[in-house]
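# Analysis of the macromolecular model
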Amino acid sequence: MARQVLLLLAALATCSALEMRKPALGFNTWNAFYRDINETLVQQQADLMVSLGLRDVGFEYLVLDDCWAEKERPADGRLIGNKRTFPSGMKAMGEYIKSKGLKFGIYSDAGNLTCAKYPGSLGYETEDAQTFASWGVDYLKYDNCHARRDYWILDRYAAMRDALNATGRPIVYSLCQWGVMEAHLWGPQMGHSWRTTEDIRPAWDSVLKTLDYNVGLSRFAGSDVGWLDLDMLYVGNDTGLRFGEQRAHFALWALYKSPLMIGHDLRDFSKQSLSVLLSKEVIAINQDDLGVPGDLIWRQGHKRIYAGPLAGGARAVVLANFQFAHPTAFQQCPRTNITVFWGQIGLQPGQRALVRDLYEERDLGEFADSFTGSVEAHNVLALRITPLEGPTDDGWRPWHGQPAYAAQAANVAVQRYEDWVPKSAPWRYMKVGGDDTVFQLPDPAEQPGGGGKDR
């Protein structure tokens, strides 16, 4: 235990030489291509980052994940690119990427081997950092496979941090250690971002699990320390997520100030999926100058409210409807109302505020005290709420508010709050009084063939 404390204190004394005041945005090859990457394919992705408009909205890093190297180190111990798949070499690959106005990212591992069993950097940190710097690398994703259990994780990640700093080149250091050992406690002393969970999968349940694991972690991240990394994005045509789920996924990763790394082949994007990635006002939440991540502030069943402060006193708010995805549920309860109260987000009672839909890029109007939005199942309403009168305060934080499970009658799904409910719905007689919910028997006179006859 004493050794761990001493090492943590040593880590505190040596942080990365590069400031990373905002989360990184870019494209990573792994989820799109896994092991099958090559020079031509990477060049195509670089070209598409430009032609699709992704570079212009902020996606600037193109990261080559695992499998770019030769399977064995040469005699001098220096990593080299695979001669068959990257015949021009890695320096030339980086130069091509940079010629498109992008930045060059690469992958290595804090073990003897990478996850795909290519050479890892354990024991070669100095040599590999120097090699990456000589190639003009701007971003290093550093994984956690194939390390002996007696090689402590902090030692392994600190070794590469120090080696990168020693090169004198500013390189973003992205820790891919899967949230091991509560990385939010030590990641800020090691790198610019740190993974908080195991790998995300192309499934809605995996998105929800990742979100749940990150609840309460926003206070450990920010522009002065670094960023929670919720893993890569599954936004694309065949990612396993519906369009509404992709919207929710992107908006919430943006709110948490996670690095936003596209993981789908850019040659195969529908206009719908691409529109999510090109949502400038959602991206602006991620890149906000205040640099404070959002977090879950309220939850009741499948309804959730996430929120965070923005520079100048506005708030980013995501109303989320995570209803169970049974076909009957989608048919009979396709959407629900969710209300955010000003007191939940650090605004004053009665304060007038402008509410803006970030995906639609349109103002929804001026409101006081609260805003109620109708949200489709497995979708979100991403909002910017801007006070129109004082006081304006960007000192509020997501962990300053009410208990996340506080009861709110206005958020109970009853007919009088749900304008989409058909009048013939058998449960439209449910009413709310205080904390009690009662089922009121229907008026026979309102029933088909009514008039008080027995049924």
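Here the structure is shown first, and the text comes after it.
Before going into details, it helps to say that this report is about the structure given with it. (Residues numbered from 1 in each chain as written. Predicted model: local features only at pLDDT ≥ 70, side-chain atom pairs only at ≥ 80, totals over all residues. Heavy atoms only, no water.)

### Here we look at the nonpolar core
Selection rule: For our purposes a nonpolar core is just a set of buried Ala, Val, Leu, Ile, Met, Phe, Trp, Tyr and Cys residues, chained together by side-chain atoms within 4.5 Å. The rule is simple: take the accessible area with a 1.4 Å probe, protein chains only, and divide by the maximum for that residue type; under 20% is buried, over 50% is exposed, in between is partly exposed. Here a residue-residue contact requires only that any non-hydrogen atoms of the pair lie within 4.5 Å.
With 93 residues, the main nonpolar core has Phe59, Leu64, Trp68, Leu211, Phe250 and Tyr306 as its most contacted residues. Once residues lying within four places of it in the same chain are set aside, the contact partners of tryptophan 68 are Ile37, Leu79, Ile80, Gly81, Asn82, Phe86, Met90, Ile106, Tyr107, Phe132 and Trp135. Residues Val317, Ile345, Ala353 and Phe371 belong to the second largest nonpolar core, which totals 19 residues.

### Here's the deal with the pairing of strand S3 (residues 103-109)
Heads up, the condition is: Every helix listed is a DSSP run of H or I at least four residues long, and every strand listed is a run of E at least two residues long, numbered separately from the N terminus. If DSSP finds at least two bridges between two strands, the strands pair. By definition, the crossover connecting two strands over a helix is right-handed if that path, from the first strand to the second, turns clockwise as seen with the strands pointing away from the viewer.
Burial analysis of S3 places six of its seven residues in the buried class, which makes it a mostly covered element. Pairing of strand S2 (residues 61-63) with S3, which is carried by three bridges, proceeds in the parallel orientation. For tyrosine 61, the partnering residue across the bridge sits in S3 and is lysine 103. Following the backbone out of S2, through helix H4 (residues 90-99) and into the adjacent parallel S3, one traces a crossover that is right-handed. Across five bridges, the pairing between S3 and strand S4 (residues 139-143) is parallel. Within S4, the residue paired with aspartate 109 across the bridge is aspartate 143. Since S3 and S4 lie parallel, the crossover through helix H5 (residues 125-134) that links them has a hand, and here it is right-handed.

### Focus on the environment of glycine 89
Note on placement: glycine 89 falls in the loop between S2 and H4. Considering only alpha carbons, one finds glycine 89 and alanine 69, 20 residues apart in sequence, at a separation of 9.8 Å.

### Observations regarding the packing of H5 against helix H6 (residues 153-167)
Rule in force here: Lines fitted to the C-alpha atoms define the axes, with helices restricted to the stretch that makes contact. Angles between their N-to-C directions range from 0 to 180 degrees. By definition in this entry, angles of less than 35 degrees are roughly parallel, angles greater than 145 are roughly antiparallel, angles of 65 to 115 are roughly perpendicular, and the rest are oblique. Crossing handedness is defined as follows: a turn of the near helix away from the far one that is anticlockwise and smaller than a right angle gives a left-handed crossing, while the clockwise case is right-handed. Think of it as three bins: nonpolar holds Ala, Val, Leu, Ile, Met, Phe, Trp, Tyr, Cys and Pro, charged holds Asp, Glu, Lys and Arg, and polar takes everything else, Gly as well.
Orientation of H5 relative to H6, taken along the N-to-C sense of each, is 45°, at an axis distance of 8 Å. When the axis of H5 is compared with that of H6, the two are oblique. The two elements H5 and H6 cross, and the hand of that crossing is right-handed. On the side of H5, the interface is formed by Glu125, Thr126, Asp128, Ala129, Gln130 and Ala133, while H6 contributes Ala159, Met160, Ala163, Leu164 and Thr167. Here the contact of H5 with H6 is composed, by residue class, of six nonpolar, three polar and two charged.

Coordinates in, geometry out; function isn't part of it.
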